[in-house]
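Close look at the chain arrangement
What follows is each chain in one-letter form.
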Amino acid sequence: MRAQLFPLDGSPPIEIKKDMVLIGRKEECDVRLEHRSVSKIHCILVKTDGLLLLRDLGSTNGTRVNGTRVRRAALLPNDQLSIAHFKFRVSLGPDVIEDARANERTLHLNSIEAADLVQQSPARADNDNASHEDDKPANGHLQCNHLPDVYPDQGTNSS
């Protein structure tokens, strides 16, 4: 899968070549965004199974997907990603060609919907012979994450 971040300011696109990409201000980061609004280690992108997953690493100025501040998210083509004050459009797929599905956006699922998708997964059906006991929580259900993926509204402060 080819993944790119297209800066909305017209700068050259950033190719996400590695399966795990660290983004921040530090010299050791794979993608360096040199501005004081970006945390030293801001967020991480992971390419897996045709998805681009994002995890904010406790950054000061936050990470937003389509305007919503998130701790983590699955990115879809044409999602708008904001890392502090930097804004990007996400491009995924085999080509760099513009995706015709401009209205497609990240889908937020609750734990019940996620459990249903896991049970319907083709990979799970193909591997029914293999033991999945190690993959399941002790109670057999998905466990609730005590930290929500999206930050709660913080009153009138919308920045």
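Before going further, it helps to spend a moment on the sheet that holds strand β9 (residues 72-75). Spatial strand order, β4-β3-β5-β6-β9: five strands in an open sheet with mixed pairing. Every interior strand has two partners, whereas the edge strands, β4 (31-32) and β9, have only one.

One finds L45 and L81 to be the most contacted residues of the largest nonpolar core, which totals 23 residues. Looking at this core, the elements that each hand over two or more residues are β1 (2-7), β2 (14-16), β3 (20-24), β5 (43-48), β6 (51-56), β9, β10 (80-83) and β11 (86-93). Sorting elements by how many residues they give to this core places β11 first, with three residues.

For the rest of this paragraph, the subject is unusual backbone geometry. Unusually for a residue other than glycine, N66 sits at a positive phi of about 50°. Here N66 is to be found in the loop between β7 (63-65) and β8 (68-70). Given a relative accessible area of 32%, N66 falls into the partly exposed group. A positive phi is found at A84, a non-glycine position, where the angle reads about 55°. By the element assignment, A84 lies in the loop between β10 and β11.

With that settled, consider the sheet that holds β11. Taken together, six strands build an open sheet; the order of strands is β2-β1-β11-β10-β7-β8 and the sheet is antiparallel. This sheet does not close on itself; its edge strands, each paired only once, are β2 and β8. In this sheet, adjacent strand axes meet at a mean angle of 30° when their direction is disregarded. Sheet topology note: the β7/β8 ladder contains three bridges and is antiparallel. Paired with R64 across the strands is R69, a residue of β8.

So, on to the pattern of salt bridges. Counted by the stated rule, this structure contains three salt bridges. A salt bridge links K18 to D30; its shortest N-O distance comes to 2.7 Å. Residue K18 is found in the loop between β2 and β3, and its partner D30 is found in the loop between β3 and β4; the two are separated by twelve residues along the sequence. Here R32 and E34 are joined by a salt bridge, their closest N and O atoms 3.5 Å apart. A relative accessible area of 37% means that R32 is categorised as partly exposed.

Let us look at the pairing of β3. For a regular strand, side chains alternate in direction, first toward one face of the sheet and then toward the other. Looking at chain direction, β3 and β5 are connected through four bridges and run antiparallel. Its bridge partner being in β5, V21 is matched across the sheet by L45. With two bridges joining them, β3 and β4 adopt parallel strand pairing. When the sheet's bridge partners are listed, I23 is paired in β4 with V31.

In this section: the confidence of the model for the protein. The pLDDT averaged across the protein works out to 80; a share of 70% of its residues lies at or above 70. Between residues 95-100, whose pLDDT stays under 50, and residues either more than four places distant or in other chains, the model counts six contacts.

Here the focus is the environment of R55. Position of R55 relative to the elements: it lies in strand β6. For R55, a relative accessible area of 38% corresponds to the partly exposed category. Distance in space between the C-alpha atoms of R55 and L45 is 6.6 Å, their sequence separation being ten residues. Those residues in contact with R55, other than ones at most four positions away along the chain, are C43, I44, R71 and R72.

Conventions adopted
- Residues numbered from 1 in each chain as written.
- Predicted model: local features only at pLDDT ≥ 70, side-chain atom pairs only at ≥ 80, totals over all residues.
- Heavy atoms only, no water.
- Pairing = 2+ DSSP bridges.
- Helix = DSSP H or I, 4+ residues; strand = E, 2+ residues; numbered from the N terminus.
- Core = buried A, V, L, I, M, F, W, Y, C linked by side-chain atoms within 4.5 Å.
- Buried < 20%, exposed > 50% of the residue type's maximum accessible area, 1.4 Å probe, protein only.
- Axes fitted to C-alpha atoms, helices over the stretch in contact; angles between N-to-C directions.
- Salt bridge = Lys/Arg side-chain N within 4 Å of Asp/Glu carboxyl O.
- pLDDT = per-residue confidence, 0-100.
- Contact = heavy atoms within 4.5 Å.

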